[in-house]
Amino acid sequence: MSEKKHIAEEEKDIFEKATGKEFTRRSFLKWSSTLAVAAMASGLLWDDKLGILREASAEEKMAGKGKWVYTTCQMCGGTSGIKVHVVDGRVVKIEPNEYNPLTVANISTDYEKYKSLGGRMCPKGNSGARLLYDPDRVKKPMKRTGSKGSGKWKAISWEEALDDVSKNLLRIRDTYGPEALFWCTEDSSFTDMQSDFNLLYGSPNFSMHSNLCDVARKASYKLVMGDDRPLPDFANTKYALVFGWNMCAATKWSHLPGIWNLGRAQGAKMVYVDPFYSQTAAKSDEWIPIRPGTDGAFALALGHEIVKNKWYDEEFIANYTVGFDKYAEFVRDKTPEWAERITSVPAETIIRTAKELASTKPALVDVWSGPGHHTNATDGGRAITMLPALLGQYDRPGTMISREAKGGKRRAFNVDKPKAPRIDGLGTKYPFAHGSGIYTESRDAMISGDPYKVRGGVFMFQNFVMSVPNTKKNIEALNNLEYMVVFDTMMSETAELADIVIPGSHYLERWEVNVDWVTFPATAIRQPAVKSVINGMSEHEFILALAKKMGLKDKDGKTLPDTYPEYLSDQLKNGPIGKTIEEMMALPGGVFIGGETHYEKYKKDGFHTPSKKIEFYSEQMSKKGLNPLPDYVEPIYKPTDEFPLYLVNYKQAEHTHTRTHNTDWLMEMKPDNPLLINSATASKLGLKDGDAIWIESPFAKAKGTVQVTERIHPEVVSLQHGYGHWAMGEIARGAMNKLNKWSQAGTSDGQFLAGVSEKTSGMAVHKEIGVRITKA
């Protein structure tokens, strides 16, 4: 049967189904006026492309039903705007919210220009409902009945859970002092409220996920130009030099791939520096493979060329910087040939890159977690962030832009400053650490009891065991705690070691205020799209109820409010936005936009450094006994003769950290994380694609599989971060993995690491260790 005749037969069948009449020319003409109504009632529609009446898909049948709820995503910490289609109380579809700039662009004029084209979202955001309805979700509070890690639990009521946590936290405070409690959380949900709880409780040991993410970058930028997170204007640049940030795949904010590609489409040259040929490298004009942890040497050699050839912006340096003469003298011997020996990047490439960067305007230089997860991260980052300063390329269109934001105002509590110091050396051992704390030091204090013994731990949406470098130490530390509470949607590796597990809420079930990471003021509301699927309390409801049960108050009797929307409204109304939650929700898409992108703000306000200028030479570092110039120091845990290959991790669009690996749609995309190895290196080791291997470092030995590729530096091997679960859920443990020869879905990279933090910023070191690879 011909295709045309086959379609005609289908049309006949569909007509008879829709009308209940035999198909004839007369019956068709008679019924044509009511055909559309009948079709809709029967789930049929006219397809203009095919020119036929066909049965509607499940999605098309849902299109006119239910409601759309505007909120924000949290499949990662990017909090992009989304709209959620809810039918009969159930989420059926998630789409990007074009009213939220995070889905479109980070420059106000670009947002206005392109928002009509719609927003963007990544695969993680698209799969959000799969996590919401995951059958492995923790559904009731669980209290441990056996030894830690035994898997023996009993379900208890929410009131029993509140009683248990309240009783034990009060016992720890009254017996050992409030400092005996360690509390950590991810950093984009109810963090202010958790911090307030710790203030009222009296513990100084509140930490957040940022320490595992980008605090070395924050320290580098803050020390040089006073803003710890300037944002790149990729869409309007003519030249971008990016070090170790796979933003086209590990999409921190969903607009990033779009503005990167827009810049290229408008003629910009994009250069990407990384040992791994990532999706961002593939979308670049040039990939420069480099030895891990040597980015700072490359940047110093670029600076050498710019200074030697007088390619720098004399007017900008004279008016808006300090310490240039000392920097110029410092880079005098940092030649391209010197850097080639360290980085493996040819001197000719360094010279050409310096000339291109200096001769193209506007230009931007950015650095993220690639160089930022090494033991020399802050100084390497400073060397990189000084490059645009040499060229006057800050806070101008097409460069790195300082963000202007409007959020809420924290309520003040009248409490005494904790008498005990923090356990992690924040502000002392690590003089320029971020306020999020130092996880590895907190972990080590749990083991050693120095500076004092930690008795209790609260872990909010943090899989501490797998997220902090050195898995063995993490487990040892958590086993030392007298009492441990974990809030999570899944029974994670960390939850398995808890005394009590409180079911976590899904982001589509709770409230939040999210301040957008764009260059102009934009703030969005996260609101529940559906009621709690597990009929449980959200984390914020539990904590507020816990504070009330424990009687936590400040000296004036002030405590936390009864509800979280009340808490958020209070912050918003008393802050620069001046609106309540209800007023925010009435705005288009639930997003407040309070201004536009401004440039060259330093001409009026200066830079936010002690000198009010960009600092090539840092007096504040000198006062702390640190090198005031961005010296290159070799990575501490570089390869050795025994462990000859660099191991680094990387992230891609399929997953967030260690927390999305029980999501079926995402694991269908990437069920395993084979070790990437260069073909020349594999050949020397006698390895071929798919071989089972042993990966060994000084700290761990584990099995894996090999993927032979040209996408990795010959001296480097790499694992995608987040795999290797032995808990979490059936899928995370390997149920969908047909490739893996072992019991788990992939290999965890964190187990191989030393478990240390970078000396200046306290950044957890995730990408620095030598390993050896042998055939299993």
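Let me begin by describing the structure that accompanies this report. Residue positions are given per chain, counted from 1 along the sequence in the order it is written. It should be noted that, the model being predicted, local features are given only for residues of pLDDT at least 70 and side-chain atom pairs only at 80 or more, the latter also being counted only at that level, while totals for whole chains, interfaces and linings use all residues. Side-chain calculation: all heavy atoms of the structure are included, whereas hydrogens and water are not.

Details of unusual backbone geometry
In step 1: Looking along the chain, the bond that leaves Lys361 and enters Pro362 is cis, with omega of -10 degrees.
In step 2: The secondary structure listing takes helices from DSSP runs of H or I that are at least 4 residues long and strands from runs of E that are at least 2 residues long, numbered from the N terminus. Mapped onto the elements, Pro362 comes out in the loop between helix H16 (347-359) and strand E15 (363-367).
In step 3: Phi at Asn470 is positive, roughly 80 degrees, even though this residue is not glycine.
In step 4: Position of Asn470 relative to the elements: it lies in the loop between helix H20 (464-467) and helix H21 (471-479).
In step 5: Positioned with a positive phi, Lys612 is a non-glycine residue whose angle comes to about 65 degrees.
In step 6: Along the polypeptide, Lys612 turns up in the loop between helix H25 (602-605) and strand E23 (614-615).
In step 7: With relative accessibility at 47%, the residue Lys612 sits in the partly exposed group. With a 1.4 Å probe rolled over the protein chains alone, any residue whose accessible area is under 20% of its type maximum counts as buried; one over 50% counts as exposed, and the rest are partly exposed.

So, the sheet that holds strand E24 (residues 645-650)
In step 1: With mixed pairing, six strands are arranged side by side around a closed barrel as E24-E28-E25-E27-E26-E29. Across the sheet, the mean angle separating the axes of adjacent strands is 45 degrees when strand polarity is ignored. For two strands to be treated as a pair, DSSP must find no fewer than two bridges joining them. Under this scheme, a helix contributes an axis fitted over its contacting stretch, all axes are lines through C-alpha atoms, and angles between N-to-C directions fall in the 0 to 180 degree range.

Quick word on the pairing of E24
In step 1: Counting buried positions along E24 gives six out of six residues, so the element sits mostly inside the fold.
In step 2: Residues Leu645, Leu647 and Asn649 line one face of E24 and the alternating positions Tyr646, Val648 and Tyr650 line the opposite face, and both faces are buried.
In step 3: Both E24 and strand E28 (residues 716-720) contribute to a ladder of five bridges, which runs parallel. When the bridges of E28 are listed, Tyr650 appears paired with Gln720.

Considering the environment of His725
In step 1: Assignment of secondary structure puts His725 in the loop between E28 and helix H29 (731-735).
In step 2: Judged by relative accessible area, His725 falls into the buried class, the value being 1%.
In step 3: Each polar contact in these results corresponds to two N or O atoms within 3.5 Å; when the atoms are within protein, one needs to be able to donate a hydrogen and the other to accept it, and residues that are neighboring in sequence are counted only if both atoms are side-chain atoms. A polar atom in the side chain of His725 sits 2.9 Å from the backbone oxygen of Thr658.
In step 4: Of note is the side chain of His725, whose polar atom sits 3.1 Å from the backbone oxygen of Gly722.

Re the pairing of strand E5 (residues 90-96)
Each regular strand carries side chains that alternate between the two faces of the sheet.
In step 1: Pairing geometry for strand E4 (residues 81-87) and E5, over six bridges, is antiparallel. Residue pairing for E5: Ile82 is matched across the bridge by Pro96.
In step 2: Hairpin connection of E4 to E5: two residues between the antiparallel strands, including Asp88 at a positive phi of 55 degrees.

Quick notes on the pattern of salt bridges
In step 1: Here a salt bridge means any side-chain nitrogen of Lys or Arg lying within 4 Å of a carboxyl oxygen belonging to Asp or Glu. A full pass over the atoms with the stated rule returns 42 salt bridges.
In step 2: Linking Arg410 and Asp196 is a salt bridge whose minimum nitrogen-to-oxygen distance equals 2.7 Å. Here Arg410, found in the loop between strand E16 (400-401) and helix H19 (439-448), pairs with Asp196, found in helix H8 (residues 191-201); they are 214 residues apart in sequence, far enough to count as distant.
In step 3: Overall, Asp196 belongs to the buried group, its relative accessible area being 0%.
In step 4: Between Arg772 and Glu696 there is a salt bridge, with its nearest N and O atoms 3.2 Å apart. With a gap of 76 residues between them, Arg772 in strand E29 (residues 770-775) and Glu696 in strand E26 (residues 692-696) connect regions that are remote in the sequence.
In step 5: Residue classification places Arg772 among the partly exposed residues on the basis of a relative accessible area of 25%.
In step 6: Overlapping salt bridges, with partners in common, bring together Lys269, Glu286, Arg352 and Glu356 in one network.

Notes on the side chain of His304
In step 1: The topology assignment puts His304 in helix H12 (residues 295-308).
In step 2: A distance of 2.8 Å separates a polar atom in the side chain of His304 from the backbone oxygen of Val331.

Points about the sheet that holds strand E17 (residues 456-460)
In step 1: Spatial ordering of the open sheet is given by E7-E6-E19-E18-E17-E8-E9, a layout of seven strands whose pairing is mixed. Where the open sheet ends on each side, the last strands, each with one partner, are strand E7 (153-155) and strand E9 (206-208). Between one strand and the next, the sheet's axes are offset by a mean angle of 15 degrees, whatever the strand orientation.
In step 2: The sheet contact formed by strand E18 (residues 483-488) and strand E19 (residues 500-503) spans four bridges and is parallel. Bridged to Phe487 within E19 is Ile502.
In step 3: The sheet strands contacting H8 are strand E8 (181-185), E9 and E17, and the helix crosses E8 at an angle near 175 degrees. Any two residues having at least one pair of non-hydrogen atoms within 4.5 Å are treated as being in contact.

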